[in-house]
There are 2 protein chains.
Amino acid sequence: MNKGIIGIVGGMGPDAGIALSKNIISQTIAKKDQEHLPQILYSVPESIPDRTEYIMGNEKTNPAYRIAQILIEMESIGVRYAALACNSAHAPQIFDVIMSELNDNYSRIKLLHMIRETGIFIKNQFPGKKKVGILGTTGTFHTRQYDIINESGLDTVYLSEADQRSLHSAIYHPSFGIKSNAGKITEETGTIVNNSIISLIDRGAQVIVLGCTELPLVFSDPLYNDVPVIDTSLVTARALIKAHTPEKLKPW
Amino acid sequence: MNKGIIGIVGGMGPDAGIALSKNIISQTIAKKDQEHLPQILYSVPESIPDRTEYIMGNEKTNPAYRIAQILIEMESIGVRYAALACNSAHAPQIFDVIMSELNDNYSRIKLLHMIRETGIFIKNQFPGKKKVGILGTTGTFHTRQYDIINESGLDTVYLSEADQRSLHSAIYHPSFGIKSNAGKITEETGTIVNNSIISLIDRGAQVIVLGCTELPLVFSDPLYNDVPVIDTSLVTARALIKAHTPEKLKPW
């Protein structure tokens, strides 16, 4: 049976798409080129409106329509399992519209849900830990989109409004933000992300989720002191491999 | 005018495809996601026969046919400028067949030639330097495929047969080779690549070309002592940006 190709909707931002693509490779058991899984990274950032701006009401066009189009185009060339390399794109007002567009177009693509997968992952890997601290864009913050992990019996912990504003600037600021620096990390950004993790632990978080695919570019350790720090891109890569060819998934 | 999408044939190996994709991002002038260029990375390694094995006569199927198919599929979803993230795929017995397949299918895709672009780049950036040392797979070595840079008035310098065997193992060895370690660099590999650079300089090379897209994963400095070390993936990324939207190319 042809298992088809793994598709990544990238470009949100471009580095996050590449990180997901790279995570698929690093989590696959393979001893030569030909043993790696087939994947397509589709990164057309100029045509996808900003997710956070849409959630916040500053952008009129729902990015869902373009994202769904990309998924349908990828399906036409063989993609069967897909993911979006962007946490904010999983806000219900975007993700639900993508799903309904796919449905209207009779798409049979299996689109994973990054945030649901993160909940399942935490539940399985850290069964004793219930309080999950969420770092992400202001879009992710205001929509409380991570509350969906309640399904896995987990509680979410967020930053204060002020700390959230500061974290958002670390991602989006035109001079020192991650998105403006093509993956190069400025000192400001590093400090803000670090302080945000500390704030969440102070608020009781037992696990930290880097709930924006740009954040692992800044903080790449799997632990902060003893607190697990979850890279949602890595979790999604593993879920994609498991969906496509489970026997090729590296042990955790 | 719609400039179309930049397409990368990746998977040869998978990390090299990602490196080229990442180089396009890092060489583009952009202050937010939406200012980055559209690109598709098409990485289906399981379906592309090994290029070096084909050149050496150990593999019957010419990888050119599958590569051309991928280019044609990418063209069908909007790709107009493309490159192959693999030096060995530019050996004439592969590249010429790709070009003739594209032609037979009335393709209008503009496929850049990584090695020609490298010659042009060296000529423009280092006008005083004529002797170019070539590091690459044994496929690249035996076909002398870099001799095409003679077009730019450059002379090539290669390793001895024995040193070449050693370098090839650094790329392909099933336990310590780059391709088996998903971009993680082993000590053996680092030492071999370093020694190979020294050997070429001893043989008179004034510039070193990392003529296999896996090598910059091991050696990422732009200089070895005072000798420029050229990452062909970076050169190709810049050529793609220049072809697509020249005003977005970062200064060198």
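Cut-offs applied
Residues numbered from 1 in each chain as written. Chains lettered and ligands numbered in written order. Predicted model: local features only at pLDDT ≥ 70, side-chain atom pairs only at ≥ 80, totals over all residues. Heavy atoms only, no water. Helix = DSSP H or I, 4+ residues; strand = E, 2+ residues; numbered from the N terminus. Contact = heavy atoms within 4.5 Å. Phe/Tyr/Trp six-rings, centres within 6.5 Å; stacked < 30°, edge-to-face > 60°. Buried < 20%, exposed > 50% of the residue type's maximum accessible area, 1.4 Å probe, protein only. Pairing = 2+ DSSP bridges. Right-handed = clockwise from strand over helix to strand, strands pointing away. Domains from an automatic or database assignment. Buried area = accessible area lost by both parts, 1.4 Å probe. Salt bridge = Lys/Arg side-chain N within 4 Å of Asp/Glu carboxyl O. Polar contact = N/O pair within 3.5 Å; in protein donor to acceptor, adjacent residues only side chain to side chain. Nonpolar A, V, L, I, M, F, W, Y, C, P; charged D, E, K, R; others polar. Axes fitted to C-alpha atoms, helices over the stretch in contact; angles between N-to-C directions.

Engineer: Teacher, can you tell me more about the environment of B:Ile98 here?
Structural biologist: All names here are of chain B. Inspection of the secondary structure assignment puts Ile98 in helix H4 (residues 92-104). It is 9.2 Å that separates the C-alpha atoms of Ile98 and Leu71, two residues lying 27 residues apart in sequence. The residues touching Ile98, leaving out its near neighbours within four places in the chain, are Ala64, Ile67, Ala68, Leu71, Leu84, Ala89 and Leu111.

Engineer: Explain the packing of aromatic side chains here, please?
Structural biologist: Note on aromatic pairs: each is described by the distance of the centres and the angle between the planes. Residue and element names in this part refer to chain A. By the definition in use, this model includes six aromatic pairs over all chains. Between Phe141 and Tyr158 the ring centres are 6.1 Å apart and the planes differ by 80 degrees, which places this aromatic pair in the edge-to-face class. Taken together, the positions of Phe141 in helix H6 (residues 138-143) and Tyr158 in the loop between strand E6 (155-157) and helix H7 (161-172) put the pair 17 residues apart, joining distant regions of the chain. Residue class for Phe141 comes out buried when judged on its relative accessible area of 4%.

Engineer: So what exactly am I meant to see when it comes to the sheet that holds strand E5 (residues 131-135) of chain A here?
Structural biologist: Through backbone hydrogen bonds, the strands of a sheet pair up, either in parallel or in antiparallel fashion. Residues and elements named next belong to chain A. Strand order in this open sheet of five strands is E6-E5-E7-E9-E8, and the pairing throughout is mixed. Unpaired on one side and paired on the other, E6 and strand E8 (223-224) mark the two borders of the sheet. The pairing of E5 with strand E7 (residues 207-210) spans four bridges and is parallel. Its bridge partner lying in E7, Val132 is registered against Val207.

Engineer: Explain the pairing of strand E2 (residues 39-43) of chain A here, please?
Structural biologist: In regular strands, side chains alternate between the two faces of the sheet. All names here are of chain A. In terms of residue burial, E2 counts as a mostly covered element, since five of its five residues are buried. Of the pairings in the sheet, the one linking strand E1 (residues 5-9) to E2 comprises four bridges and is parallel in character. In the strand pairing of E2, Gly7 is matched with Ile40. Taking the sense of rotation as the criterion, the β-α-β connection linking E1, helix H1 (residues 14-26) and E2 turns out right-handed.

Engineer: Just checking my understanding: could you explain the domain arrangement of chain A for this structure?
Structural biologist: Residue and element names in this part refer to chain A. Annotation of chain A at the domain level lists domain 1 (5-113 + 235-248) and domain 2 (115-232). The C-alpha centroid of domain 2 is placed 20 Å from the C-alpha centroid of domain 1. Summed over both sides, the interface of domain 1 with domain 2 buries roughly 1900 Å², with 54% coming from carbon and sulfur. Of all residues in domain 1, Asn87, His113 and Val235 give up the largest surface area on contact with domain 2, accounting jointly for 39% of the area buried on that side. The interface formed by domain 1 and domain 2 holds zero salt bridges in total. Our count for the domain 1 to domain 2 interface comes out at 17 residue pairs in polar contact (both at pLDDT 80 or more). Across the side of domain 1 that touches domain 2, the residue classes tally to eleven nonpolar, nine polar and three charged.

Engineer: Help me understand the interface of chain B and chain A in this model?
Structural biologist: Every contact between the two is made by 37 residues of chain B and, on the other side, 37 residues of chain A. In total, about 3100 Å² of surface goes out of reach between chain B and chain A, with carbon and sulfur atoms giving 55% of it. Among the residues chain B hides against chain A, the three largest losses belong to B:Ile18, B:Asp33 and B:Gln34. Together they make up 20% of the total. At the junction of chain B and chain A, the tally comes to four salt bridges. With its nearest N and O atoms 2.9 Å apart, the salt bridge here joins A:Asp33 to B:Arg51. Run the count over chain B and chain A and you get seven residue pairs in polar contact (both at pLDDT 80 or more).

Engineer: How should I be thinking about unusual backbone geometry in this particular structure?
Structural biologist: The bulk of non-glycine residues show a negative phi, and the bulk of peptide bonds are trans. Going from A:Met12 to A:Gly13, the amide bond is cis rather than trans, its omega being -10 degrees. Structurally, A:Gly13 can be placed in the loop between E1 and H1. At A:Tyr106, a position not held by glycine, the phi torsion is positive, near 55 degrees. By secondary structure assignment, the location of A:Tyr106 is in the loop between helix H4 (92-104) and strand E4 (110-111). Looking at A:Tyr106, the relative accessible area reads 73%, which means it is exposed. We note that B:Arg144 has phi near 50 degrees; this positive angle belongs to a residue other than glycine. Mapping B:Arg144 onto the fold places it in the loop between helix H6 (138-143) and strand E6 (155-157).

Engineer: I would appreciate a short explanation of the side chain of A:His244 in the present structure.
Structural biologist: All names here are of chain A. Among the secondary structure elements, His244 is positioned in helix H9 (residues 232-244). Engagement of the side chain of His244 in a polar contact is seen with the backbone oxygen of Gly4, the distance being 2.7 Å. Residues contacting His244, with those up to four places away along its chain left out, are Lys3, Gly4, Ile6, Leu37, Pro38 and Tyr81.

Engineer: For this particular structure, what's the right way to read the environment of B:Ile48?
Structural biologist: Within the element layout of this structure, B:Ile48 appears in the loop between strand E2 (39-43) and helix H2 (51-55). By relative accessible area, which is 1% here, B:Ile48 ends up buried. C-alpha separation for the pair B:Ile48 and B:Gly10, spaced 38 residues apart in sequence, amounts to 9.9 Å. What B:Ile48 contacts, discounting residues up to four positions off in sequence, is A:Gln34, B:Val9, B:Gly10, B:Met12, B:Pro63, B:Arg66, B:Ile67 and B:Ile70.

Engineer: Please explain the sheet that holds strand E9 (residues 227-231) of chain B as it appears in this structure.
Structural biologist: All names here are of chain B. Strand order in the open sheet formed by five strands is E6-E5-E7-E9-E8, with mixed pairing between adjacent strands. Each of the sheet's edge strands pairs with one partner strand only, and the pair in question is E6 and strand E8 (223-224). Alignment of strand E5 (residues 131-135) against E6, held across three bridges, turns out to be parallel. Residue pairing in the sheet places Lys131 in a bridge with Asp155 of E6. The strands touched by helix H8 (residues 187-202) are E5, E6, strand E7 (207-210), E8 and E9; relative to E5, the strand with the most contacts, the crossing angle is about 155 degrees. Contacts between helix H9 (residues 232-244) and the sheet are confined to E7 and E9, with E9 contributing the most and set at about 60 degrees to the helix.

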